[in-house]
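Geometric and topological summary
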Amino acid sequence: MAKSNPVRLRPKRACPICGRPSQQSFYPFCSARCADIDLGRWLGGKYAIPAEEGPDETVREDDEDEPKEP
């Protein structure tokens, strides 16, 4: 009986940190080292989604004293 090739559910892509081919056990990274570098960047705040506060999101001081209606 011949061995069949496993079906890949994830597309092959380059490691987002170093560009080498990704490994299935560390997907989408190539190694534990690159995965740890990415985690360090997240925890260090290097990755951030910019947010803009609109005029409706700010709280005015005079609104805090008014009673809220049920």
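So, here's what we can say about the structure. Residue indices follow the written sequence of each chain, beginning from 1 at its first position. Totals for whole chains, interfaces and linings use every residue, but because this is a predicted model, local features are given only for residues with pLDDT of at least 70 and side-chain atom pairs only at 80 or more, for both listing and counting. With hydrogens and water stripped out, all remaining heavy atoms of the structure feed into the side-chain values.

Structural notes on a nonpolar patch on the surface
Patch membership requires more than 30% relative accessible area and the absence of a salt bridge. Residues of like charge join within 9 Å; the nonpolar side chains Val, Leu, Ile, Met, Phe, Trp and Tyr join within 5 Å. Surface accessibility follows the Shrake-Rupley procedure with a 1.4 Å probe radius. Residue values consider only the protein chains on display as shielding. Basic side-chain nitrogens of Lys or Arg form a salt bridge, by our definition, when they fall within 4 Å of a carboxyl oxygen of Asp or Glu. A grouping of Leu-39, Trp-42 and Leu-43 is seen on the molecular surface, where their side chains present a nonpolar patch of about 380 Å² in accessible area. We count a stretch as a helix when DSSP gives it H or I for four or more residues in a row; a strand needs E for two or more, and each element gets its number in order from the N terminus. Structurally, Leu-43 can be placed in helix α1 (residues 32-44). When accessible area is computed with a 1.4 Å probe and restricted to protein chains, residues below 20% of their type maximum are described as buried, those above 50% as exposed, and intermediate ones as partly exposed. When its relative accessible area of 68% is taken as the criterion, Leu-43 is described as exposed.

Observations concerning the packing of aromatic side chains
Here the aromatic set is Phe, Tyr and Trp, taking the six-membered ring for Trp, and pairing holds for ring centres within 6.5 Å; pairs whose planes are under 30 degrees apart are stacked, those over 60 apart are edge-to-face, and all others are tilted. All told, the structure shown has one aromatic pair when counted by the stated rule. Plain terms: the ring middles of Trp-42 and Tyr-47 are 4.9 Å apart, the flat faces sit at 65 degrees to each other, and that makes the pair edge-to-face. Under the relative-accessibility criterion, Tyr-47 is labelled partly exposed at 29%.

Looking at the side chain of Asp-38
Here Asp-38 lies in helix α1. The convention is simple: Lys and Arg are positive, Asp and Glu are negative, and His and the chain ends are not counted. Of the side chains with opposite charge, Arg-41 lies nearest to the buried Asp-38, which makes no salt bridge, at 5.6 Å. Contacts were defined at the residue level, with two residues in contact if any of their heavy atoms lie within 4.5 Å. The contacts of Asp-38, once residues within four sequence positions are left out, are Ile-17, Phe-29 and Tyr-47.

A word on the state of the cysteines
In what follows, a disulfide is any cysteine sulfur pair within 2.5 Å. Here the structure, examined in full by the defined rule, presents zero disulfides. There is no disulfide at Cys-18, and the cysteine sulfur nearest it, in Cys-30, is 3.5 Å away. The class of Cys-18 is partly exposed, set by a relative accessible area of 37%.

Things to note about the side chain of Ser-22
Residue position: Ser-22 is located in the segment before α1. Looking at Ser-22, the relative accessible area reads 13%, which means it is buried.

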